[in-house]
Amino acid sequence: MVNVLAADGRRWRLAEQVGQGGEGVVFAVADRPGLVAKLVPHPTDPAGHRERIGRLVRRRREPHTARLLSGELGTLAWPLLAVRTVRGEGHGYLMADLRPRHQPLDRLLHAADRERHLPGADWATALRAVAALAALVAAVHAEGYVVGDLKPGNVWVDGRGGVALSDLDSWQFADRGTLFESRPRTPGYTAPERIADPSAAPTRSADDFVLAVLVHQVLMAGLHPFFGLPADGSPYLSLDDNLRHGRCRLTDRRSVRLSEPLPPADLLPGAVRALLRAAFGEAGRGSPAARPTAADWSRVLGAELGPGRLRRCPAERRHVHTVERPWCPWCDLAGRGHHEYPAEAGAAGPAPAPPRTVRPARPPHSPGRSQ
């Protein structure tokens with residue numbers, strides 16, 4: 001057990017560790033099943049960290065933050081109460097426990113995790129999740145916040161495609177004339193201008209870039225847009241290195257080599273592909289001002305959820321796809337041995353895919369997973 005003290009003198013007992021990130025450790029709160037506590041054991045700037053948490057706790061009651069906490073767009077694990085360890089070496093806060101209703105976004109990206117933790121989820125669930133995420137990020141931006149370290153590890157999803165965000169203590173915001181900058185960065189989920197200048201503070205546009213990465217990854221069954229072996233024969237180093245060198249299947253299919261079976265590019269509706277190409281213009285190295293905003297993504301993704309925009313495969317009810325595609329992409333993949341959305345127990349297998357043009361094979365591929 002770990003004992004922590006709140007500013008009002010109350011003592012809280014922490015139970016088992018339930019999570020760990022780049023800076024903090026998350027514990028269950030003893031005898032309070034709806035709460036968890038995030039502690040940063042040795043913050044680089046203890047006074048600054050305490051001040052940041054205190055400001056966020058206070059801002060929870062202000063109108064611009066209360067709108068975000070209404071629950072209409074999603075759930076935010078907002079800091080509820082600042083706490084510190086008894087000897088003062090660690091500081092943090094209490095927040096709502098997201099685990100009873102949500103799963104980490106990573107578990108929606110890959111078939112085995114999805115089947116275990118989000119049974120019944122299909123591509124419509126994925127589309128609802130990214131539409132909800134875009135709407136929530138747009139609202140966060142409208143209220144003056146920048147997420148800063150948007151990544152699968154900070155995004156949570158439920159079985160219906162509802163979303164939640166955690167690790168709000170890393171957000172960037174201004175309060176009473178003081179700017180609290182966001183410094184954490186995650187490889188593979190960092191805008192190119194922040195890769196070029198690691199000291200640069202994040203902007204809403206940087207969030208918009210990472211949002212586009214997540215939209216691609218969620219809708220393309222875990223495939224990161226900058227994953228792939230360099231087609232010029234140079235060694236694969238990282239997602240960020242591919243980004244720096246313009247290696248992106250969506251904007252230049254000849255820049256990377258990927259193995260079959262891959263989700264086809266036309267799995268995505270045309271409007272979504274257009275926004276992704278705008279976001280990754282010149283493979284993400286274009287002007288940040290030209291990127292689609294979170295509000296743009298919310299509008300386009302919401303439209304794709306409209307009446308008549310999705311089709312359910314007659315051969316397998318788990319298979320859902322855009323009406324723009326002439327046949328089921330998931331049956332197509334299953335016919336080549338990749339069961340992204342496996343048939344329900346007792347259901348008939350997928351019908352054979354219609355004749356199609358054979359594409360050249362690609363080297364072995366494993367979609368990038370967040371670390």
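Residues numbered from 1 in each chain as written. Predicted model: local features only at pLDDT ≥ 70, side-chain atom pairs only at ≥ 80, totals over all residues. Heavy atoms only, no water.

**A look at the nonpolar core**
General note: in soluble globular proteins, nonpolar side chains tend to be found buried as a group.
Then comes step 1: Counting residues in hydrophobic clusters, the biggest one holds 78 residues, and the most contacted among them are Leu219, Phe280, Trp297 and Leu301.
Then comes step 2: By residue number, the principal contributor to this core is helix 5 (residues 123–142), which donates 15 residues.
Then comes step 3: Excluding residues that lie within four positions of it along the chain, Leu219 makes contacts with Trp123, Ala126, Leu127, Val130, Leu267, Leu268, Val272 and Leu301.
Then comes step 4: Leu14, Leu35, Leu39 and Val83 belong to the second-largest nonpolar core, a separate cluster that totals 13 residues. (Core = buried A, V, L, I, M, F, W, Y, C linked by side-chain atoms within 4.5 Å. Buried < 20%, exposed > 50% of the residue type's maximum accessible area, 1.4 Å probe, protein only. Helix = DSSP H or I, 4+ residues; strand = E, 2+ residues; numbered from the N terminus. Contact = heavy atoms within 4.5 Å.)

**Here we look at unusual backbone geometry**
Then comes step 1: We note that Asp167 has phi near 60 degrees; this positive angle belongs to a residue other than glycine.
Then comes step 2: With respect to the secondary-structure elements, Asp167 resides in the loop between strand 10 (163–165) and strand 11 (173–175).
Then comes step 3: The phi angle at Arg176 is positive, at roughly 55 degrees, despite the residue not being glycine.
Then comes step 4: Mapping Arg176 onto the fold places it in the loop between strand 11 and strand 12 (178–180).

**Observations concerning the environment of Thr322**
Then comes step 1: Structurally, the position occupied by Thr322 is in strand 16 (residues 320–322).
Then comes step 2: Sequence separation of Thr322 and Gly270 is 52 residues, and the distance between their C-alpha atoms is 9.6 Å.
Then comes step 3: With residues near it in sequence (within four places) discarded, Thr322 still touches Trp123, Asp266, Leu267, Pro269, Glu304, Arg309 and Leu310.

**Describing the sheet that holds strand 9 (residues 155–157)**
Then comes step 1: Here we have 4 strands laid out as an open sheet, ordered 5-10-9-8, and mixed in their pairing. If you trace the sheet from one side to the other, it starts and ends with strand 5 (75–76) and strand 8 (103–104), each paired once.
Then comes step 2: Both strand 9 and strand 10 contribute to a ladder of 3 bridges, which runs antiparallel. From the neighbouring strand, Trp156 faces strand 10, where its bridge partner is Ala164.
Then comes step 3: Lying over the sheet, helix 5 contacts strand 5, strand 9 and strand 10, oriented at roughly 45 degrees with respect to strand 10. (Pairing = 2+ DSSP bridges. Axes fitted to C-alpha atoms, helices over the stretch in contact; angles between N-to-C directions.)

**Overview of the pattern of salt bridges**
Then comes step 1: Considering all chains together, one arrives at 26 salt bridges under this definition.
Then comes step 2: In this structure, the salt-bridge partner of Arg114 is Glu340, at a minimum N-O distance of 2.9 Å. Pair noted here: Arg114 is in helix 4 (residues 111–117) and Glu340 is in the segment after helix 12 (329–334), with a separation of 226 residues, a long-range link. Per residue, the accessibility class of Arg114 equals that of Glu340, and both read buried.
Then comes step 3: Arg160 serves as the salt-bridge partner of Asp158, at 3.7 Å between the closest nitrogen and oxygen. (Salt bridge = Lys/Arg side-chain N within 4 Å of Asp/Glu carboxyl O.)

**Observations concerning the pairing of strand 3 (residues 25–29)**
Then comes step 1: The buried fraction of strand 3 is high, at 5 of 5 residues.
Then comes step 2: Here strand 2 (residues 11–20) runs beside strand 3; their pairing, made up of 4 bridges, is antiparallel. Within the sheet, the bridge partner assigned to Gln20 lies in strand 3 and is Val25.
Then comes step 3: Bridge analysis of strand 3 against strand 4 (residues 35–40) gives 4 bridges, and the strand direction is antiparallel. Bridging from a neighbouring strand, Val26 pairs with Lys38 of strand 4.
Then comes step 4: Hairpin geometry of strand 3 and strand 4 is characterised by an intervening segment of 5 residues between the two adjacent antiparallel strands and by a positive phi of about 65 degrees at Asp31.

**Side note on the confidence of the model for the protein**
Then comes step 1: When pLDDT is averaged along the protein, the result is 89; 91% of the residues meet or exceed 70.
Then comes step 2: Low pLDDT, under 50, characterises residues 346–371; the predicted model gives this stretch 57 contacts beyond four residues in sequence or across chains. (pLDDT = per-residue confidence, 0-100.)

**Observations concerning the side chain of Asp149**
Then comes step 1: Note that Asp149 resides in the loop between helix 5 and strand 9.
Then comes step 2: On the basis of relative accessibility, which here comes to 5%, the residue Asp149 falls in the buried class.
Then comes step 3: There is a polar contact of 3.2 Å between the side chain of Asp149 and the side chain of Lys151.
Then comes step 4: For Asp149, the residues in contact, after removing those within four places along its chain, are Asn154, Ser170, Ser182, Pro184, Arg185 and Thr186. (Polar contact = N/O pair within 3.5 Å; in protein donor to acceptor, adjacent residues only side chain to side chain.)

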